[in-house]
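Spelled out from the first residue to the last, the chains are:
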Amino acid sequence: MSNDAHVQPQTPVQPAATPSWAMLRTLGGIAMISGLLVVLVEHYTQPIIAEKQRILTEKAVFRVLPGAVAKHDFLVTAEGRLVPAEPGVSGDPLYAAYDAEERLKGLAFIGVGAGYAGPVQVMFAYDPECRCIVGSKVLKSNETPGFGDKLDSDPEFLRNFEALDAGLNTEGTALANPIVTVKHGTKTEPWQIDAITGATISSRAMGRAANQAAERAVPAIQRDLATLSQPN
Amino acid sequence: MAESPNRSASVPPPTLALNPQETLTADTFIRGLWKENPVFVMLLGMCPVLAVTNTSINALGMGLATTFVLVGSGVLVSLLRNWIPKQVRIASYIIIIATFVTVVDYGIQAISLELYAALGAFIQLIVVNCVILGRAEAYASKQRLHTTLINSLGMGAGFTLALLSLGTVREILGNGTLFGVPLFGEGFQPWVIMVLPPGGFFVLGAWLLLFNWLRLRKERKVMQGSGVAANAG
């Protein structure tokens, strides 16, 4: 035994095992510093982020509904009721946009459809008078550049969303005809979307997004049109 | 001449352990840019290098975010280096790195939501970027504050530079723009594959080829030079 100690002079030099309290102290201390830093940064940046988000949404709404100068936020709740957007209430957002004379210019809602490379999130503009979708803007997508990103730029494809029928059935509970994407060149009905050649999956995602969003929002809009028509 | 045998013969780690405090020189910074460039020499952190360099803006954003985390975590690790027991060091480093990643995550959202959307999950994934943990373990935990600060800045600059050299090439070829500004006329047909994932591999491969060719040429020149000198002597 004593021989061993002589052969390995390094062994006694090594410090004794670190006591547990030292590890606890270090981890606890670091966790506290980290927590403090994160809370401080969160507190400082949250208002800035919320404001940026608001401006971004407003820009998108005014882009799909040209001529609008003001907007009010509503929510379509899980039961399909329309309520003013307030903190604590959850639902799908619905934006009512008004022109300079405070007349209802149109409504905007957001739909999501599964695309080629993840979800495609689109904002649609809805005109309650023609009962149709009158505009679209892709908010988020990972579609292949050069193919799938034509959803927002291909003029022929965008013509689909100039007057896409979103009329309701006689009970006013659902769309009379579901919005569907059809193969390029086979569009015959006003509720169909003519796909882009080479980007069929992305086009279908757009159709699903439109159908899903309209199915939720349009019945609520038509039922509470009187509320929406008043800017305040 | 003296460099290459040294590297292969596992001498550097013991030297660093025996002589832990590096004195601050210009090399402390420049090493990260060139001789120890995290991307082109150490081939670390390849995931963001390939994934978010499809435009120069994304590359720059990612590079600066990583630099911030590198510097922040490096400084904190260096400050606390005598307090962190060996057994819990990795856990400590990860908490520190995660903190700075969260900070940068909020920061980018506050600066630009578009950039935040473009970088996506790769901001959070800075936590697992091995450049950062590698620096904390191999450098910051042993060195004084000011050398760590300068070295981290150098490494961050080298990483940003590498991302930019991929991002600019991919954006120019694949989109015909640089920082969003169109470079060519209407007739330009973008080479779309360059902004897709395969383009990342192509461009990275091309850069590595160029750098290795330059390095080999330099070494050959040195060899020839010494050969001539020996002959003359």
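Conventions used here
Residues numbered from 1 in each chain as written. Chains lettered and ligands numbered in written order. Predicted model: local features only at pLDDT ≥ 70, side-chain atom pairs only at ≥ 80, totals over all residues. Heavy atoms only, no water. Buried < 20%, exposed > 50% of the residue type's maximum accessible area, 1.4 Å probe, protein only. Helix = DSSP H or I, 4+ residues; strand = E, 2+ residues; numbered from the N terminus. Pairing = 2+ DSSP bridges. Core = buried A, V, L, I, M, F, W, Y, C linked by side-chain atoms within 4.5 Å. Contact = heavy atoms within 4.5 Å. Phe/Tyr/Trp six-rings, centres within 6.5 Å; stacked < 30°, edge-to-face > 60°. Buried area = accessible area lost by both parts, 1.4 Å probe. Salt bridge = Lys/Arg side-chain N within 4 Å of Asp/Glu carboxyl O. Polar contact = N/O pair within 3.5 Å; in protein donor to acceptor, adjacent residues only side chain to side chain. Nonpolar A, V, L, I, M, F, W, Y, C, P; charged D, E, K, R; others polar.

Caption draft 1: Structural detail: the pairing of strand β3 (residues 92-98) of chain A. Residue and element names in this part refer to chain A. Across the 7 residues of β3, 5 count as buried, placing the element largely inside the fold. Here β3 runs beside strand β4 (residues 104-115); their pairing, made up of 5 bridges, is antiparallel. Opposite tyrosine 95, over in β4, you have alanine 108 as the bridge partner. With antiparallel pairing between neighbouring strands as the criterion, β3 and β4 make up a hairpin whose turn holds 5 residues, including glutamate 102 at a positive phi of roughly 65°.

Caption draft 2: Main features of the nonpolar core. Residues Val69, Ile126 and Leu204 of chain B are the most contacted members of the largest nonpolar core, which totals 41 residues. Those residues in contact with isoleucine 126 of chain B that sit more than four places away from it in its chain are Met62, Ala65, Thr66, Val69, Val101, Val104 and Ile132 of chain B. Leu82, Val120, Tyr126 and Ile196 of chain A belong to the second largest nonpolar core, which has 36 residues in total.

Caption draft 3: Structural view of the pairing of strand β6 (residues 132-140) of chain A. Residue and element names in this part refer to chain A. With 7 bridges connecting them, strand β5 (residues 118-127) and β6 associate as antiparallel partners. Bridge pairing in β6 places alanine 125 opposite glycine 135. In this structure, the hairpin formed by β5 and β6 is closed by a connection of 4 residues, where arginine 131 is found at a positive phi of approximately 55°.

Caption draft 4: The arrangement of the packing of aromatic side chains in detail. Evaluation of the coordinates by the stated rule reveals 9 aromatic pairs over all chains. Relative to tyrosine 126 of chain A, the ring of phenylalanine 109 of chain A has its centre 6.2 Å away and its plane inclined at 40°; by these criteria the two rings are tilted. With phenylalanine 109 of chain A in strand β4 and tyrosine 126 of chain A in strand β5, this pair connects stretches of sequence that are 17 residues apart. Taken as a pair, phenylalanine 109 of chain A and tyrosine 126 of chain A share a single burial class, namely buried. Geometrically, the ring pair formed by tryptophan 34 of chain B and phenylalanine 211 of chain B is edge-to-face, given 5.5 Å between the ring centres and 85° between the ring planes.

Caption draft 5: Examining the interface of chain A and chain B more closely. Taken together, the contacts link 22 residues of chain A with 24 residues of chain B. Summed over both sides, the interface between chain A and chain B buries roughly 2100 Å², with carbon and sulfur atoms accounting for 80% of that surface. Counting the surface chain A buries against chain B, the share from its top three residues, Leu27, Ile30 and Ile49 of chain A, is 23%. In this assembly, chain A and chain B are joined by 0 salt bridges. Here chain A and chain B share 5 residue pairs in polar contact (both at pLDDT 80 or more) between them. Across the side of chain A that touches chain B, the residue classes break down as 12 nonpolar, 7 polar and 3 charged.

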